[in-house]
Amino acid sequence: TLRLVRRIRRVELLTRGQRIHRGGHVVVVVAAAEEADRVHLVAPGARIMPLKAFQADGTSNISDIIRAIYYAVDHQAKVINMSLSSPVRSKTVDDALDAAQVAGVTCIVSAGNLGTDERQYPTSRKDVVVVAAVDSNNVKPAFSNFGTPISVVAPGVGIRSTYLAGGYASWSGT
């Protein structure tokens, strides 16, 4: 069971019939508090503020990402996980991430899933924690970006987690 900070209008993480993308999968791995024998948990007592800035097809508007960052900052989030990357820098996203940094919020960002050492945005920022993937043998998978902006690597291949309707799914990615 996820411990939600509060239910948020227009934004819910795990609703019946809604596709779960990487960010949702990451949240469940971090904070699910039940069935520890079947899912490896990182912080089972964590409280989750389920903000979703992407549509079911994986697209988003910059304004939705910005709104989610400011909402998290305004509601005292301690960590923001952003499973996203872009080849284009955004001044308005920079402003929102600056506000998060000033508020003491740690921003975790995906290194990207293009298998390249080209910097993506927001990995080019110095105030974010950039996470790349490794497999169970601590080897970089072909999809994970790599190079100088990487802060840390974490398991990212075949990560098993709970899924809708009591099921389980394994996903890979950063």
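Reading guide: rules and limits
Residues numbered from 1 in each chain as written. Predicted model: local features only at pLDDT ≥ 70, side-chain atom pairs only at ≥ 80, totals over all residues. Heavy atoms only, no water. Helix = DSSP H or I, 4+ residues; strand = E, 2+ residues; numbered from the N terminus. Buried < 20%, exposed > 50% of the residue type's maximum accessible area, 1.4 Å probe, protein only. Contact = heavy atoms within 4.5 Å. Areas by Shrake-Rupley, 256 points an atom, 1.4 Å probe, with all protein chains shown as cover. Pairing = 2+ DSSP bridges. Axes fitted to C-alpha atoms, helices over the stretch in contact; angles between N-to-C directions. Expected span 1.5 Å × (residues − 1). Polar contact = N/O pair within 3.5 Å; in protein donor to acceptor, adjacent residues only side chain to side chain. pLDDT = per-residue confidence, 0-100. Salt bridge = Lys/Arg side-chain N within 4 Å of Asp/Glu carboxyl O.

J.: Tell me about the overall build of the protein, and name the residues and values.
T.: What the protein contains, in helices and strands, is three helices and eight strands. For the protein, the proportion of its 174 residues judged to be buried stands at 36%. For the protein, long-range pairs separated by at least 24 residues make up 59% of all intrachain contacts whose partners lie at least 6 apart in sequence. Summing over all exposed atoms, the protein offers an accessible surface of approximately 10000 Å²; the carbon and sulfur share of this is 53%.

J.: Describe the environment of A169, listing the residues and the values that go with them.
T.: Take A169: it is sitting in strand 8 (residues 168–171). Judged by its relative accessible area of 14%, A169 falls in the buried class. Separated by ten residues in sequence, A169 and I159 place their C-alpha atoms 8.0 Å apart.

J.: I'd like a rundown of the sheet that holds strand 4 (residues 106–110), residues and numbers included.
T.: Strands in a sheet are paired, the pairing made by backbone hydrogen bonds, and the direction either parallel or antiparallel. Pairing is parallel in the open sheet, where four strands are placed in the order 3-4-5-6. Bordering the open sheet on either side are strand 3 (79–82) and strand 6 (152–155), each of which pairs with just one other strand. The mean inter-strand angle of the sheet, taken between neighbouring strand axes irrespective of direction, is 30 degrees. In this sheet, strand 5 (residues 128–134) lies alongside strand 4 in parallel orientation, the contact comprising four bridges. Paired with C107 across the strands is V128, a residue of strand 5.

J.: Summarise helix 3 (residues 91–102); cite the residues concerned and give the values.
T.: In this model, helix 3 (twelve residues) spans 16 Å end to end at C-alpha, consistent with the 16 Å of a helix rising 1.5 Å per residue. In the core, the buried residues of helix 3 are packed alongside helix 2 (62–74), strand 3 and strand 4. A positive backbone phi angle near 80 degrees is found at G104, which sits one or two residues after helix 3.

J.: So what about the side chain of S144? Which residues, and what values?
T.: Relative to the helices and strands, S144 is located in the loop between strand 5 and strand 6. Only 2.9 Å separates the side chain of S144 from the backbone nitrogen of A133, close enough to count as a polar contact. Contacts of S144, omitting those with residues within four sequence positions, involve G112, G115, T116, A132, A133 and T174.

J.: So what's going on with the confidence of the model for the protein? Residues and values would help.
T.: One rule of thumb: low pLDDT means the predicted coordinates there are not for detailed reading. With 73% of its residues at a pLDDT of 70 or more, the protein has an overall mean of 78. For the protein, per-element mean pLDDT is lowest for strand 1 (residues 3–4), which scores 44, and highest for helix 3, which scores 97. Segment residues 1–20 is flagged for pLDDT under 50; beyond a separation of four residues in sequence, or across chains, it makes 52 contacts in the model.

J.: Please set out the environment of S170 residue by residue, giving values where relevant.
T.: By the element assignment, S170 lies in strand 8. S170 sits eleven residues away from I159 along the chain, and the two C-alpha atoms are 4.9 Å apart.

J.: Now, about unusual backbone geometry: what can you tell me, with residues and values included?
T.: In terms of backbone geometry, most residues other than glycine have negative phi values and most peptide bonds are trans. The linkage connecting Y121 with the following residue, P122, adopts the cis geometry, with an omega of 10 degrees. Secondary-structure assignment places P122 in the loop between strand 4 and strand 5. Positioned with a positive phi, Q76 is a non-glycine residue whose angle comes to about 60 degrees. Its place among the elements puts Q76 in the loop between helix 2 and strand 3. On the basis of relative accessibility, which here comes to 60%, the residue Q76 falls in the exposed class.

J.: Any chance you could break down the pattern of salt bridges for me, citing the residues and the numbers?
T.: What the rule picks out here adds up to six salt bridges. Here R67 makes a salt bridge to D64, at a shortest N to O gap of 2.8 Å. Taken as a pair, R67 and D64 lie in helix 2 at a separation of three residues, close to a single helical turn. Classification of R67 by relative accessible area gives partly exposed; the value is 46%.

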